[in-house]
Amino acid sequence: MHVRHTARLTGVCAAVLGAISGAYAAEADFDPTKPVSKVTGGIGYATDSARRFGEYNGLTNEGVYPLIDLSIVRRDETTGTWMRIEGRSLGLDNRSALLELNRQGRWGAFLDFTRIPRHEPYTAVTSVTGIGSGTVTVPGTFTPGTSAFELKTTREVLGAGVDYILAPGLDMSVRFRNDHREGNRIWGRGTTGGGPPGTFGNFEFTPEPINQTMRQLDVLLSYSGDRLQLTGGYYGTMFNNQFNQLDVVGGVAALATPGTTAFTPLALPPDNHSHQVHLSGSYGFTNTTRATFKTAYATARQNDTFPTGAAVPLAPGVGNNLDGKVDTTLAQMGVISRPLPKLTLRADFRYEDRDDKTPVVQFFTAPGSTATGVNEPRSIRTTRGSSEASYMLPYALRLTGGIEYEEKKRNTSDVRIVSYREKTEEWSYRVELRRSMSETLTGAIAYVYSDRDGSPFITTTQNGGALGSNLIAPIHLADRKRDKVRVSSNWNPIDALNVQFFADWADDRYSGRDGSGLGPRKGEAYTYSIDAGYTFSDKWQANVWYTRNKTRADQSTCEAASAAGVCPNTAADPTYNASVTNESDNVGIGFRGKPNARIEIGGDLTYSDIKDTYFQMPANPPGNAVPTSLPNITTRLTRLSLFGKYALDKRSGLRLNYIFDRFSTNDWTWPSWVFIDGTRLTQDDHQKVHFIGLSYYFRWQ
């Protein structure tokens with residue numbers, strides 16, 4: 001099928017190039033010592049509407065699109081000052097522009113702008129109104145959608161920066177970035193419960209309005225001496241959200257009942273800001289020993305006003321904001337030395353303390369069995385150290401051995417419904433053998449063994465002292481043993497051919513909690529890839545690559561465990577195993593050619609086959625029919641890109657681009673979902689589009 005499209009493009013290229021071949025007129029070559037400017041203009045046509053193809057470039061609908069690019073470069077010979085003006089995709093949604101000035105060895109400045117759209121692949125067919133505002137109105141009963149909304153967000157990023165050399169070895173840079181995002185995205189409110197046939201629980205479609213601005217300021221001062229290098233500065237962020245709450249009018253009674261149980265307003269991301277000062281550097285004690293360090297202190301604040309409304313269950317006397325404070329201290333140092341010509345030693349240490357100083361206050365006026373109404377700080381302290389030795393053996397073999405230790409300590413709370421442990425520790429041991437087998441072949445194999453455990457799991461306790469279920473060890477806290485192997489090689493038998501191979505495989509085993517046999521049990525992940533490039537001549541090159549990835553996680557689950565942690569293990573409430581897998585095969589091939597001075601051609605073909613499986617089977621009692629495995633999801637992506645350039649003369653020419661993009665999936669998740677208000681999310685499961693662009697370019701000095 002791809003061959004057929006290639007042949008079609010070749011025919012179009014031949015017709016276009018043949019028609020203009022008579023316009024060629026030789027001109028003098030450009031002066032290689034002077035910069036070249038270029039402007040490009042043309043049109044493109046998309047044959048079909050395809051939201052996946054236009055998700056990030058805005059080419060979502062069939063139609064004609066302008067293609068405009070420019071690059072203007074100037075240099076003042078007397079002062080050595082450069083000026084560069086660039087614009088890319090100026091007629092499209094994902095356009096960008098840059099203005100840059102710099103004087104060699106003295107200073108530089110830039111101003112840039114980037115616009116990045118993101119079109120939601122799903123179309124909402126709904127009767128909900130007010131989408132995009134701070135108040136949405138939801139039908140009180142099941143009402144099939146009457147309007148189609150294509151949700152999207154747009155980011156507009158404005159950046160500016162200045163670099164200045166204060167003195168030899170001492171320079172300063174300042175960067176500012178204003179990132180504004182507008183639009184709306186899929187969101188909802190709800191809880192479990194009944195509903196009309198075909199719906200699931202009391203979940204309503206309440207899309208989130210987006211009107212957010214993130215500002216960043218980065219100031220750096222750098223020093224570079226013979227032995228000492230230092231970089232220090234300040235980095236700050238400020239986040240502002242025009243909508244800190246979403247009010248919902250109407251809806252089903254279970255969610256809209258006035259009082260403290262009503263699901264309105266819904267809190268949105270609050271305003272916040274952070275500030276960090278940092279200093280890092282390195283010092284060379286001798287020609288064979290160098291030390292590095294980094295230290296930083298950051299403080300983050302969140303004191304935006306709480307959402308307001310009659311249904312906000314805020315206890316009296318807690319103020320009108322969280323007064324959130326998180327301070328983070330970082331210290332890191334390392335040393336690398338070569339005491340002998342064949343021996344290299346390395347050691348690193350890192351300490352990070354994230355201290356949540358948010359005041360602990362009872363916010364809720366009606367605590368439940370699993371919550372006291374008191375907020376819970378999230379503090380964590382991480383200590384990590386590693387050491388490594390590498391020695392050159394006979395026969396060009398280099399043997400490397402290393403050891404690494406990481407400890408994480410977390411804060412605890414009196415009432416918690418999620419299984420938890422205060423401390424986890426992990427030791428890792430690594431050995432690697434690397435060899436240059438010949439001038440054309442190098443290879444390495446490495447093995448890493450890791451063992452993670454920690455302090456006893458804390459018994460989950462409900463408000464009032466009752467015990468919760470104490471069976472599960474969350475995957476990031478569970479005891480785990482991991483074996484990991486990595487193989488890599490590079491083969492360059494002749495100058496024209498280069499072949500690279502890479503394989504990475506990891507196997508995880510989880511021991512569960514207190515002999516329960518539940519929670520994560522096994523994990524597996526691997527990546528195989530091979531990449532080859534061949535240069536036929538100075539005018540023709542080609543490459544081909546293939547990658548296979550797989551990630552699998554197995555876990556055991558207990559249905560309806562008692563508070564004491566006993567599984568019923570009955571037909572109605574069994575223990576069952578689940579194996580979730582994501583695997584993909586990806587292949588690509590490309591070429592570039594320049595058959596003569598006027599013509600340049602190239603192309604790339606990529607194909608991905610991605611499969612997600614959700615296999616479930618009963619464990620106890622065996623043979624039970626519950627649960628039933630969920631259907632698999634397969635997604636396939638194909639893209640063919642071809643281009644041809646024809647030089648009319650030394651200054652101008654034509655460029656023809658062709659893209660074929662195909663997306664197909666049997667994803668059942670959203671299409672099978674219906675909100676209780678009647679909203680459906682739909683997409684075309686088989687999307688295909690051809691995009692053809694023809695443009696003219698002109699270059700000058």
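What counts as what
Residues numbered from 1 in each chain as written. Predicted model: local features only at pLDDT ≥ 70, side-chain atom pairs only at ≥ 80, totals over all residues. Heavy atoms only, no water. Helix = DSSP H or I, 4+ residues; strand = E, 2+ residues; numbered from the N terminus. Buried < 20%, exposed > 50% of the residue type's maximum accessible area, 1.4 Å probe, protein only. Contact = heavy atoms within 4.5 Å. Areas by Shrake-Rupley, 256 points an atom, 1.4 Å probe, with all protein chains shown as cover. Lys, Arg positive; Asp, Glu negative; His and termini not counted. Charge placed at Lys NZ, Arg CZ, Asp CG, Glu CD. Phe/Tyr/Trp six-rings, centres within 6.5 Å; stacked < 30°, edge-to-face > 60°. Lys NZ or Arg CZ within 6 Å of the ring centre and 35° of its normal. Disulfide = S-S within 2.5 Å. Pairing = 2+ DSSP bridges. Patch = residues over 30% accessible without salt bridge, like charges linked within 9 Å, V, L, I, M, F, W, Y side chains within 5 Å. Salt bridge = Lys/Arg side-chain N within 4 Å of Asp/Glu carboxyl O. Core = buried A, V, L, I, M, F, W, Y, C linked by side-chain atoms within 4.5 Å. Polar contact = N/O pair within 3.5 Å; in protein donor to acceptor, adjacent residues only side chain to side chain. pLDDT = per-residue confidence, 0-100.

**Some details on the overall build of the chain**
Thinking step 1. Within the chain, the secondary structure is distributed over two helices and 34 strands.
Thinking step 2. Expressed along its principal axes, the backbone C-alpha trace of the chain runs to roughly 90 × 75 × 60 Å.
Thinking step 3. Sorting the 701 residues of the chain into buried and exposed places 36% on the buried side.
Thinking step 4. Taking as baseline every contact in the chain between residues at least 6 positions apart, the subset at least 24 positions apart corresponds to 64%.
Thinking step 5. About 36,700 Å² of surface is accessible on the chain, with carbon and sulfur atoms providing 58% of the total.
Thinking step 6. Computed over 75 positive and 72 negative side-chain charges, the separation of the two mean positions in the chain equals 4 Å.

**Here's the deal with the packing of aromatic side chains**
Geometry of an aromatic ring pair is reported as the spacing of the ring centres plus the angle between the planes.
Thinking step 1. Summed over the entire model, instances satisfying the criterion amount to 13 aromatic pairs.
Thinking step 2. Summarising the aromatic geometry, the rings of Tyr-534 and Phe-536 are spaced 4.8 Å apart at their centres and angled 70° between planes, so their arrangement reads as edge-to-face.
Thinking step 3. Judged by relative accessible area, Phe-536 falls into the exposed class, the value being 56%.
Thinking step 4. Ring centres of Trp-673 and Phe-675 lie 5.7 Å apart, and the angle between their planes is 80°; this geometry places the pair in the edge-to-face category.
Thinking step 5. Note on Trp-673: relative accessible area 22%, which makes it partly exposed.
Thinking step 6. Take Phe-675: its relative accessible area is 4%, and that puts it in the buried class.
Thinking step 7. Feature note: the residues Tyr-122, Phe-203, Phe-205, Trp-670, Trp-673 and Phe-675 constitute an aromatic cluster, connected by ring pairs.
Thinking step 8. Just above the ring of Tyr-697 sits the side chain of Lys-38; from NZ or CZ to the centre is 4.8 Å.
Thinking step 9. One cation-aromatic arrangement involves Lys-645 over Tyr-697; the distance from NZ or CZ to the ring centre is 5.8 Å.

**Things to note about the state of the cysteines**
Thinking step 1. Under the definition given, this model contains one disulfide.
Thinking step 2. Each sulfur in the disulfide pair Cys-558 and Cys-567 lies 2.2 Å from the other.
Thinking step 3. Of the residues examined, Cys-558 reaches a relative accessible area of 16% and is grouped as buried.

**Structural notes on the pairing of strand β18 (residues 343–356)**
Thinking step 1. Summarising the sheet, strand β17 (residues 324–340) and β18 pair through 13 bridges and their orientation is antiparallel. If you follow Met-333 over to β18, its bridge partner there is Phe-349.
Thinking step 2. The turn linking β17 back onto β18 is made up of two residues.
Thinking step 3. Taken together, the 12 bridges between β18 and strand β19 (residues 380–393) define a ladder with antiparallel strand orientation. Residue pairing for β19: Arg-346 is matched across the bridge by Glu-388.

**Some remarks on the sheet that holds strand β13 (residues 245–250)**
The pairing of strands in a sheet comes from backbone hydrogen bonds and takes either a parallel or an antiparallel form.
Thinking step 1. With respect to topology, three strands assemble into an open sheet ordered β6-β13-β14, the strand pairing being mixed. Looking at strand neighbours, the two that pair on one side only are β6 (135–138) and β14 (266–267), the edges of this open sheet.

**Side note on a nonpolar patch on the surface**
Thinking step 1. A contiguous nonpolar patch, built from Val-162, Tyr-164, Leu-166, Met-172 and Leu-221 and spanning about 410 Å² of accessible area, is present on the exposed surface.
Thinking step 2. The element best represented in the nonpolar patch is strand β7 (residues 147–167), accounting for three residues.
Thinking step 3. By secondary structure assignment, the location of Val-162 is in strand β7.
Thinking step 4. Val-162 gets classed as partly exposed once you look at its relative accessible area, which sits at 43%.

**Considerations on the nonpolar core**
Thinking step 1. One finds Val-128, Val-136, Ile-186, Phe-205 and Leu-681 to be the most contacted residues of the largest nonpolar core, which totals 16 residues.
Thinking step 2. When contributions to this core are tallied by element, the ones reaching two or more residues are β5 (107–126), β6 and β13.
Thinking step 3. Within the second largest apolar cluster, 10 residues are counted, among which are Ala-50, Leu-67, Leu-92 and Ile-659.

**Quick word on the side chain of Thr-382**
Thinking step 1. Assignment of secondary structure puts Thr-382 in strand β19.
Thinking step 2. In this view, Thr-382 contacts Arg-350, Tyr-351, Glu-352, Glu-406, Glu-407 and Lys-408; residues no more than four positions away in its chain are not counted.

**A few points about the side chain of Ser-37**
Thinking step 1. For Ser-37, the location among the structural elements is in strand β1 (residues 37–46).
Thinking step 2. Here the side chain of Ser-37 touches Val-73 through a polar contact of 2.9 Å, landing on its backbone nitrogen.
Thinking step 3. With residues near it in sequence (within four places) discarded, Ser-37 still touches Ser-71, Ile-72, Val-73, Arg-74, Phe-698, Arg-699 and Trp-700.

**Regarding the confidence of the model for the chain**
Low-confidence regions, as indicated by low pLDDT, have predicted coordinates that should not be scrutinised in detail.
Thinking step 1. The predicted model of the chain has a mean per-residue pLDDT of 89, with 94% of residues at 70 or higher.
Thinking step 2. Predicted confidence in the chain is weakest over helix α1 (residues 2–20), with a mean pLDDT of 36, and strongest over strand β15 (residues 272–284), with 98.

**Comments concerning the pattern of salt bridges**
Thinking step 1. A full pass over the atoms with the stated rule returns 38 salt bridges.
Thinking step 2. A salt bridge links Glu-150 to Arg-51; its shortest N-O distance comes to 3.0 Å. Of the two residues, Glu-150 is situated in strand β7 and Arg-51 in the loop between β1 and β2 (63–76); the sequence distance between them amounts to 99 residues.
Thinking step 3. With a shortest N-O distance of 3.6 Å, Lys-152 and Asp-93 are connected by a salt bridge. Of this pair, Lys-152 sits in strand β7 while Asp-93 sits in the loop between β3 (81–88) and β4 (96–103), and the two are 59 residues apart along the sequence.
Thinking step 4. Taking the relative accessible area as the measure of exposure, Lys-152 reaches 25% and is therefore partly exposed.
Thinking step 5. Through salt bridges that share partners, Arg-84, Glu-86, Arg-88 and Glu-100 make up one connected network.

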